[in-house]
Amino acid sequence: MSPTGKPGREQKMRAIGVPDELWDEADEVAKLVRLLILGSHGIPESWFCHSQDTEILTDHGWMSFPEFEKENGGIMVATINLKSGSIEFQSPVQKMEYEYQGDMILIENRNIDCLVTPNHRMISKSTKGWRKKSVDWRFERADEITRARTHLYGPSLTSWSGRKYHTVKIGGRNFDAKVFFNFIGWFVTEGWVSRKGKEKKVGYFIAIAQNPGPKADEIASCLDALGVKWTVNVRHGQGKYSDHKNLCFRFCDREIWSWIHEHIGFGSENKVLPRFMLDADVSLLSILFEAMIDGDGSRMHGKKRTSKTYYSKSKLLSDQMQELALKLGYNAQVGFIGRDSLYAVYICRRFCVTVKRGYLSKKKYDGKVYCARIPNGTLVTRRNGKLCISGNSDGGD
């Protein structure tokens, strides 16, 4: 069956009694025609490409493909080693960009959104035996996924090594890395600092707010471990929240204030994580992740799985949370809640992305398409905030 659910060319030919040997010959002719058409435009058959509105994960964060194509070098791309399952960053051997007019394959449901050329290589398994390690993942053309149900490679199959940090140096002091990552997780979600230019009036203060309870106790313990002298004030809400009490932890530290100003930024819309923190190993990323969820997130415990949601006014911080979640083996997608002007990152474990026949369709396309050739043969991309792990172009060698 075709991706639309209607009888495909092969089924029609077999239905009218075309012998297998003639069907094989027809298939070879179709492949030859396809090669001739692509070749007339200077496009190798082995180029498998994404739509222009697809983004690619790099060691500089998420980039649109047009932005990625403009980079002259030094950018490495996130890729999955299918033998080990590890996330690795590799330099692209070749970049692809060309005009394309014709059908694209749209694979879309609540967990995936990708728009690719028909020959794009997806990483798949059939429904039967997909949990068995003996059943290998395989590359399959997007336009040849015709089964009633197919499993595509999921983010929770991946692993991340990262860099090991024992300390983080700020000014003339070395802070324990675990304590500092925990502190930054709380700060980017619940903290703020005095603005530049007002230091003489209010000092180089850093503040973190939290409701009374276990989370406030964790912040107090974190500040103690950080080795700073802190105070706490009780703040009362206003209007309909006048009965609401909030604790404000505050301390002054010029070196930490300056580091935050340089690496994280001011204002909830502008906060980011420094790149070295996203490159850390799983133990440190887990500490950072849990503190951020505790600060600006929520957890939902279901019968089959536990999901998490992270909220932020910062688009870049939300994008970084998606990368952080991926490195911890989660599937994560970024959405925007317009009424609240908030970005939401929806997070859960997902070992595969199940695609039913109805989730595949053809879409007319007229514009540029993009890809890159990577030694591992795979790419991590997203479209409309949803992750996709798939094959890449092999360069046409």
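Residues numbered from 1 in each chain as written. Predicted model: local features only at pLDDT ≥ 70, side-chain atom pairs only at ≥ 80, totals over all residues. Heavy atoms only, no water.

Visitor: Would you mind going over the nonpolar core in detail, with residue names and values included?
Guide: F183 and I184 are the most contacted members of the largest nonpolar core, which has 68 residues in total. Top element by residues in this core is helix α4 (residues 177–190). It accounts for nine residues. Look past the residues within four positions of I184 in its chain and what remains in contact with it is W259, I264, L273, M277 and L288. (Core = buried A, V, L, I, M, F, W, Y, C linked by side-chain atoms within 4.5 Å. Buried < 20%, exposed > 50% of the residue type's maximum accessible area, 1.4 Å probe, protein only. Helix = DSSP H or I, 4+ residues; strand = E, 2+ residues; numbered from the N terminus. Contact = heavy atoms within 4.5 Å.)

Visitor: Just give me the short version of the side chain of R141, but keep the residues and values in it.
Guide: With respect to the helices and strands, R141 occurs in strand β9 (residues 138–141). For R141, a relative accessible area of 16% corresponds to the buried category.

Visitor: So what's going on with the packing of aromatic side chains? Residues and values would help.
Guide: Counted according to the given criterion, the structure contains 17 aromatic pairs. Pairing W137 with Y153 gives two aromatic rings, centres 5.2 Å apart and planes at 70°, and the pair type is edge-to-face. Taken as a pair, W137 in the loop between β8 (121–126) and β9 and Y153 in strand β10 (residues 149–153) lie far apart in primary sequence, 16 residues in all. Of the residues examined, Y153 reaches a relative accessible area of 5% and is grouped as buried. A ring pair is formed by Y204 and W257, whose centres lie 5.1 Å apart and whose planes are at 80°; its orientation type is edge-to-face. Within this pair, whereas Y204 is found in the loop between α5 (199–202) and β14 (205–210), its partner W257 is found in helix α7 (residues 254–263), the two being separated by 53 residues in sequence. (Phe/Tyr/Trp six-rings, centres within 6.5 Å; stacked < 30°, edge-to-face > 60°.)

Visitor: Summarise the environment of E67; cite the residues concerned and give the values.
Guide: Following the sequence through the fold, E67 ends up in helix α3 (residues 65–70). For E67, a relative accessible area of 41% translates into the label partly exposed.

Visitor: Break down the sheet that holds β14 for me, with residues and values.
Guide: Read from one edge of the open sheet, four strands run β13-β14-β16-β15, paired in antiparallel fashion. With one partner strand each, in any of the chains shown, β13 (191–193) and β15 (231–236) form the two edges of the open sheet. Direction aside, the axes of adjacent strands within the sheet are offset by 25° on average. Across the sheet, helix α6 (residues 214–226) touches β14 and β16 (245–252), and the angle it forms with β16 is around 5°. (Pairing = 2+ DSSP bridges. Axes fitted to C-alpha atoms, helices over the stretch in contact; angles between N-to-C directions.)

Visitor: Tell me about helix α9 (residues 282–296), and please be specific about residues and values.
Guide: Between its first and last C-alpha, α9 extends 21 Å over 15 residues, near the 21 Å set by a 1.5 Å rise per residue. Every buried residue belonging to α9 is among L284, L285, L288, F289, A291, M292, I293, D294 and G295, and all of these are buried. (Expected span 1.5 Å × (residues − 1).)

Visitor: Account for the packing of α4 against α6, naming residues and giving values.
Guide: Between α4 and α6, whose axes approach to 10 Å, the crossing angle comes to 135°. One finds that α4 runs oblique with respect to α6. Crossing hand, α4 versus α6: left-handed. Only K215, E218, I219, C222, L223, A225 and L226 of α6 make contact with α4, whose side of the interface consists of V179, F180, N182, F183 and W186. Classifying every residue of the contact of α4 with α6 gives nine nonpolar, one polar and two charged. (Parallel < 35°, antiparallel > 145°, perpendicular 65-115°, else oblique. Left-handed = near helix turned anticlockwise from the far one by under 90°. Nonpolar A, V, L, I, M, F, W, Y, C, P; charged D, E, K, R; others polar.)

Visitor: Residue-level account of the pattern of salt bridges, with values.
Guide: All chains considered together, the criterion is met by 20 salt bridges. Salt-bridge contacts for R383 lead to D53; the nearest nitrogen and oxygen are separated by 3.1 Å. On the criterion of sequence distance, the pair formed by R383 in strand β23 (residues 378–383) and D53 in the loop between β1 (50–51) and β2 (55–58) is long-range, its members being 330 residues apart. Overall, the relative accessible area of 6% leaves R383 in the buried class. Among the residues examined, D53 registers a relative accessible area of 42% and is labelled partly exposed. The structure contains a network of salt bridges with shared partners spanning E55, K315, D319 and R382. (Salt bridge = Lys/Arg side-chain N within 4 Å of Asp/Glu carboxyl O.)

Visitor: Just give me the short version of the confidence of the model for the protein, but keep the residues and values in it.
Guide: Of the residues in the protein, 80% reach a pLDDT of 70 or more, and the chain-wide mean stands at 84. Element-level mean pLDDT values for the protein span from 41 in helix α1 (residues 9–15) up to 98 in α4. Counting interchain partners and residues more than four positions distant, the pLDDT-below-50 stretch residues 1–18 has 24 contacts. This stretch, residues 29–43, has a pLDDT under 50; its non-local contacts, to residues over four places away or in other chains, come to nine contacts. (pLDDT = per-residue confidence, 0-100.)

Visitor: Just give me the short version of the pairing of strand β3 (residues 61–64), but keep the residues and values in it.
Guide: Each regular strand displays side chains that alternate between the two surfaces of the sheet. In this sheet, β3 lies alongside β2 in antiparallel orientation, the contact comprising four bridges. Within β3, the position partnered with T58 by the bridge is G61. Where β2 folds back onto β3 in an antiparallel hairpin, the turn is made up of two residues.

Visitor: Please give an account of the state of the cysteines that cites residues and values.
Guide: Disulfide: a covalent bond formed between the sulfur atoms of two cysteine residues. Taken as a whole and assessed by the stated rule, the structure comprises zero disulfides. With no disulfide of its own, C49 lies 5.0 Å from the sulfur of C371, the closest cysteine sulfur. When its relative accessible area of 0% is taken as the criterion, C49 is described as buried. (Disulfide = S-S within 2.5 Å.)

Visitor: Tell me about empty space enclosed by the protein, and name the residues and values.
Guide: Scanning the entire structure with this criterion turns up one cavity of 30 Å³ or more. Computed from the structure, the largest cavity encloses a volume of approximately 40 Å³. Taken together, I112, L152, Y153, P155, N331, V353, L387, C388 and I389 make up the lining of the largest cavity. Elements supplying a minimum of two residues to the lining of the largest cavity: β10 and β24 (386–391). Each residue belonging to the lining of the largest cavity can be placed in one class, and the counts come to eight nonpolar, one polar and no charged. (1 Å grid on protein atoms, 1.4 Å probe; cavity = no way out; pocket = protein on both sides within 12 Å on 5 of 7 lines; lining within 4 Å. Points joined across faces, edges and corners; volume = space filled by probe spheres on them.)

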